[in-house]
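This is what each chain is made of:
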Amino acid sequence: MDGASSIQSADLSWLDKPDVFRVNRLDAHSDHRCYATQDEAERDSSGLIMPLDGTWKFKYSPNPQARPVDFHQLAEAPADFDDIAVPGHIEMAGYDKNQYINTMYPWEGRKYRRPAGLTPDDPGIGTFSDADDNPVGSYMRTFTLPEHMRGQRIHVVFEGVEQAFYLWLNGHFVGYAEDTFTPSEFDLTPYINETGANTIACEVFKRSTAAWVEDQDFFRFFGIFRPVKLVALPKIHVDDIAVRSLLSDDLQTGTITVDMRLSAKDAADFAGAQAEVVVTDPQGTRIASQTSSPETDGDATLAFTSIAAPQLWDNGSPNLYRVDVRLIDASGKTCEIAQVDTGFRKLVRDGVKVTLNGHRLYILGVNRHEWNADSGRCITMDDMHRDIDTMLRNNINAVRTCHYPDRLEWYRLCDEHGIYVMAETNLESHGTWQKMGIVEPSYNVPGNSSVWEKVVVDRATTQYEMLKNHPSILFWSMGNESYAGTAIAAMDAYYKSKQDGRLTHYEGVVHNRAFEDVISDLESRMYDTPEGARKYLSEQPKKPYILCEFMHDMGNSLGGFGDYMELFDDCEGFLGGFIWDYIDQQLYAPDPLTGEKMLCYGGDFDDRCSDYEFSGDGLLFADRTEKPAMQEVKYYYGRYADGNRIR
């Protein structure tokens with residue numbers, strides 16, 4: 001079940017079935033901002049949102065058989081439930097065990113497992129649902145709807161849950177979802193108690209078939225680690241907005257198109273309603289407006305043409321226009337204001353050359369895991385602001401979201417500060433095709449499997465629909481280190497079908513050249529030498545060349561950085577690269593001798609199997625202190641930057 005059909009009961013075997021990755025989960029949509037009033041919009045504080053972050057009741061179970069099976073039927077948590085902070089990792093709350101591992105799967109050396117769905121006679125039933133190494137977190141909390149949200153449709157959004165979870169409200173099964181790093185949204189309206197207490201229950205499993213495609217180089221956590229919120233949908237609501245800002249070839253004239261998908265609580269609510277769309281320039285001046293009738297026009301497409309001398313968006317001048325959609329009912333009352341920021345920029349690939357707004361594009365980038373030494377991948381807005389400041393201060397102009405979509409706020413910050421983004425789909429299956437450094441793809445997923453293709457194309461679809469309006473995104477990346485086959489080719493075809501002016505990226509096709517003409521607009525390499533790059537670019541190259549990972553910054557590293565930078569001067573097809581990586585993955589833990597807080601690597605938690613100090617390869621220590629290597633970055637990247645503007 002890969003759609004949003006209405007399933008009324010949960011099935012534990014979904015953990016074992018790769019073709020069941022979403023049940024009743026709503027389709028992804030744009031991450032536009034919604035407000036009930038103009039005042040809310042001006043304050044950027046929406047009364048349509050009720051956060052559910054805070055203290056939840058919690059029960060840890062070491063495996064599915066030990067979990068409290070019917071806890072979701074209760075109105076209140078049993079006495080043996082503890083308190084836990086949401087968002088947060090279960091391991092960081094003192095349950096289960098921290099484990100860092102790179103390419104292998106966390107059960108290697110203990111359990112024999114192979115991906116289900118590769119052959120018709122291999123359903124894999126019991127692989128995770130009946131496993132003794134699959135911990136479970138049972139969450140509960142109660143809430144009461146505030147008066148101003150009553151009488152409206154109510155959705156719940158879990159922005160990040162690792163790795164698979166089932167959801168109930170007031171004892172009713174609501175849905176199931178995988179895909180750790182993208183929001184899962186469900187409709188609570190049929191089960192909500194508008195005037196009294198509501199009990200929401202969530203059962204989170206550390207492992208499912210999703211584990212095969214979430215084999216990233218990181219600590220293996222689980223739990224509700226990103227914010228949770230209720231969203232009230234007014235009687236007329238903007239479900240989705242697709243905004244495109246197009247430039248003429250001479251960059252002197254702009255066009256903004258706005259595609260809206262609207263919904264109403266009752267069809268009669270569209271009668272006499274209007275949708276007013278307003279465009280303002282970066283200085284806040286209203287430059288264009290149009291009005292449509294949802295009753296007669298339906299899901300409208302509006303075009304604002306002949307915008308003269310548009311202010312361009314780039315790293316040095318991140319000029320943002322704003323599109324406001326105001327929904328007004330028949331009585332003249334504002335029901336909702338939806339906002340999207342957009343920017344005029346033109347990305348062009350001409351053979352091996354790539355330009356942005358008519359100038360050569362230089363990618364002076366880093367790979368960035370989301371990280372906080374106190375809380376793992378549960379990060380704060382302060383962490384994000386500090387990272388933006390660090391990048392700009394050190395002439396870093398681009399980020400690859402390795403190897404999953406980041407929190408939504410990150411993309412807005414990149415829009416505002418002019419950071420170029422390679423937006424990476426949540427996909428890595430390293431351990432299915434590379435063993436002990438040898439390419440051996442006998443049970444690779446997604447590979448050429450039609451079953452697994454649905455899984456990864458859904459992940460690509462979710463990322464695109466969610467992030468499609470962000471001008472900072474220049475590249476869609478299919479994922480990381482997952483070999484190559486028809487499934488990843490289908491992801492590439494999906495992104496290209498959107499014809500949104502961005503380029504596609506995937507490095508793994510270098511291991512299976514049979515797909516190089518249908519996967520990736522870029523020749524992407526990891527840790528190639530400067531000589532290897534020169535060789536490719538001197539032998540009738542098919543594509544622009546980029547290093548999606550280079551200068552692996554372990555220890556006192558970054559030597560030879562200047563040799564790579566000289567490629568900008570010598571090779572017009574050299575696009576640049578992303579240093580591996582931005583920040584160490586280390587966790588604070590008490591020193592066993594002194595009791596004082598210390599930074600710990602993989603292996604320091606007696607985790608086996610582990611890749612030990614390989615988790616420490618950043619330009620920053622985990623406490624965000626810059627390492628000496630950052631001086632090299634600032635100097636060499638600075639040769640190709642003028643302040644924040646790329647020459």
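Residues numbered from 1 in each chain as written. Predicted model: local features only at pLDDT ≥ 70, side-chain atom pairs only at ≥ 80, totals over all residues. Heavy atoms only, no water.

Chemist: Break down the sheet that holds strand β21 (residues 301-308) for me, citing the residues and quoting the values.
Modeler: Spatially, three strands are ordered β17-β18-β21 in an open sheet, and the strand pairing comes out antiparallel. Either end of the sheet is taken by a strand with one partner, and the two such strands are β17 (236-247) and β21. Direction aside, neighbouring strands of the sheet carry axes that sit 15 degrees apart on average. Here β17 pairs with strand β18 (residues 253-264) via eleven bridges, running antiparallel. If you follow Arg-244 over to β18, its bridge partner there is Thr-257. (Pairing = 2+ DSSP bridges. Helix = DSSP H or I, 4+ residues; strand = E, 2+ residues; numbered from the N terminus. Axes fitted to C-alpha atoms, helices over the stretch in contact; angles between N-to-C directions.)

Chemist: Give me the pairing of strand β20 (residues 286-292): which residues, what numbers.
Modeler: Relative to β20, strand β19 (residues 274-280) runs antiparallel, the two being bridged by six bridges. Looking at β20, one finds that Glu-276 is bridged to Thr-291. What sits between β19 and β20 in their antiparallel hairpin is a turn of five residues, with Gly-284 showing a positive phi close to 90 degrees.

Chemist: I'd like a rundown of the domain arrangement of the protein chain, residues and numbers included.
Modeler: One can read the domain layout of the protein chain as domain 1 (12-33 + 45-233), domain 2 (236-342) and domain 3 (347-639). Its C-alpha centre places domain 1 at a distance of 27 Å from the equivalent point of domain 3. Taken residue by residue, the interface counts 51 residues in domain 1 and 54 residues in domain 3. Among the residues domain 1 hides against domain 3, the three largest losses belong to Asp-31, Tyr-100 and Val-213. Together they make up 15% of the total. Counting every contact that joins domain 1 to domain 3 gives five salt bridges. The closest approach of N and O atoms between Arg-226 and Glu-370, which form a salt bridge, is 2.6 Å. Between the two partners, domain 1 and domain 3, sit 32 residue pairs in polar contact (both at pLDDT 80 or more). (Domains from an automatic or database assignment. Contact = heavy atoms within 4.5 Å. Buried area = accessible area lost by both parts, 1.4 Å probe. Salt bridge = Lys/Arg side-chain N within 4 Å of Asp/Glu carboxyl O. Polar contact = N/O pair within 3.5 Å; in protein donor to acceptor, adjacent residues only side chain to side chain.)

Chemist: Describe the sheet that holds strand β16 (residues 228-233), and please don't skip the residues or the numbers.
Modeler: Whether parallel or antiparallel, the strands of a sheet pair through hydrogen bonds between backbone atoms. Taken together, four strands build an open sheet; the order of strands is β3-β16-β8-β12 and the sheet is antiparallel. If you trace the sheet from one side to the other, it starts and ends with β3 (49-51) and β12 (184-187), each paired once. With strand direction ignored, the average angle separating the axes of adjacent strands in the sheet is 25 degrees.

Chemist: So what's going on with the packing of helix α8 (residues 561-570) against helix α9 (residues 629-638)? Which residues, and what values?
Modeler: It is at 10 Å that the axes of α8 and α9 come closest, and there the two elements cross at 20 degrees. Taken as axis vectors, α8 and α9 run roughly parallel relative to one another. For the element pair α8 and α9, the recorded crossing hand is right-handed. Contact with α8, carried on its side by Phe-561, Gly-562 and Met-565, involves Glu-632, Val-633, Tyr-636 and Tyr-637 of α9 and no other residues of that element. For the contact of α8 with α9, a count of residues per class yields five nonpolar, one polar and one charged. (Parallel < 35°, antiparallel > 145°, perpendicular 65-115°, else oblique. Left-handed = near helix turned anticlockwise from the far one by under 90°. Nonpolar A, V, L, I, M, F, W, Y, C, P; charged D, E, K, R; others polar.)

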